[in-house]
Amino acid sequence: MTPELTLIESGPAAGRPVLVLHGGGGPATVAPIAEHFATTAHTLLPTHPGWNGTPRPDGLTHVADLAAAYLRLLRDRHLSDVLVIGSSLGGWIAAELAMADTQGLISGVVLVNSVGIEVDGEPIRDFFTLDARGVAEYAYHDSERFYVDPATVPAERLAAFQANMAALRVFSGGPAMSDPTLRPRLAAVTTPTLVLWGESDGIATPAYGKEYAASFGNARFEVVPEAGHLPHLEQPARTFSLLDAFAAETGRR
């Protein structure tokens, strides 16, 4: 099964390929990362099937299915030295993608406040039960800045958000947002990995993130102060500085 992928490409075609994978909020939440890298890199920003009105084949229901689709994209495009950056659910996809990459197409992986593993004593907050105020409180360091009153949101945008949440529920398995088999498998990933975490994340805590990094065979953990679940939105300068340094370390070109 090969799903049709909706993809935005930008930056110089000869630049290092950077695949940016979004979380439950859709591609807009990671667009600043793609835009940042597009000045020098060939960035690919897909919309996962099922988000923003894109079709999702009935058999496409697991994170590993999305990883397989993106690995096929890299192979079909003959891309190598790929830097993969995933936010939240996108980080989970990136982890599965790194495990599936037996050809060494990927030279660096970044997980930004990712979900996917199980950590004793650090459960992922049930995002599906949160109202708009709860999302702002738990997902952001500066909740007042990012709170959006649903009464001010157009009906079609609310409907799109609800559809995206339905797609997230399908792939994440619901409130747990984890796969109990994932963590033991990560030790086999030797691709250089950066696990980047907003210090104030109330969805998946920094303690959870530290355990995530420790699960990989070759990863380091970095914390972004004064940021929550989406540090690239709250602290772009600090986040991009860490991303740029990692990109420079891992690039083969």
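1. Details of the nonpolar core
Here's step 1: Core analysis: the largest hydrophobic core is formed by 53 residues, its most contacted members being Leu 19 and Tyr 212.
Here's step 2: Counting residues per element, the ones that place at least two in this core are strand E2 (17-21), helix H2 (63-76), strand E4 (82-87), helix H3 (89-100), strand E5 (106-112), helix H6 (155-172), strand E6 (193-198) and helix H8 (206-215).
Here's step 3: When sequence neighbours within four positions are dropped, the list of residues in contact with Leu 19 reads Leu 44, Pro 46, Tyr 70, Leu 74, Val 82, Leu 83, Val 84, Ile 85 and Leu 97.
Here's step 4: Counting residues in each nonpolar core, the second largest holds 21 residues, with Val 30, Ile 33, Phe 37 and Phe 246 among its members.

2. A short note on the packing of aromatic side chains
Here's step 1: Scanning the model with the defined rule gives 6 aromatic pairs in all.
Here's step 2: Between Tyr 140 and Phe 146 the ring centres are 4.3 Å apart and the planes differ by 0°, which places this aromatic pair in the stacked class.
Here's step 3: Aromatic pair Tyr 208 and Tyr 212: ring centres 5.9 Å apart, planes at 85°, arrangement edge-to-face. One end of the pair is Tyr 208 and the other is Tyr 212, both in helix H8 and 4 residues apart, which spans about a single turn.
Here's step 4: The buried category is assigned to Tyr 208, whose relative accessible area is 1%.

3. Quick word on the environment of Gly 23
Here's step 1: Its place among the elements puts Gly 23 in the loop between E2 and helix H1 (31-37).
Here's step 2: Sequence-wise, Gly 23 and Val 224 are 201 residues apart; in three dimensions their C-alpha atoms are separated by 18 Å.
Here's step 3: The residues contacting Gly 23, other than those within four sequence positions of it, are Thr 29, Trp 51, Ser 87, Ser 88, Leu 89 and Gly 90.

Conventions adopted
Residues numbered from 1 in each chain as written. Predicted model: local features only at pLDDT ≥ 70, side-chain atom pairs only at ≥ 80, totals over all residues. Heavy atoms only, no water. Core = buried A, V, L, I, M, F, W, Y, C linked by side-chain atoms within 4.5 Å. Buried < 20%, exposed > 50% of the residue type's maximum accessible area, 1.4 Å probe, protein only. Helix = DSSP H or I, 4+ residues; strand = E, 2+ residues; numbered from the N terminus. Contact = heavy atoms within 4.5 Å. Phe/Tyr/Trp six-rings, centres within 6.5 Å; stacked < 30°, edge-to-face > 60°.

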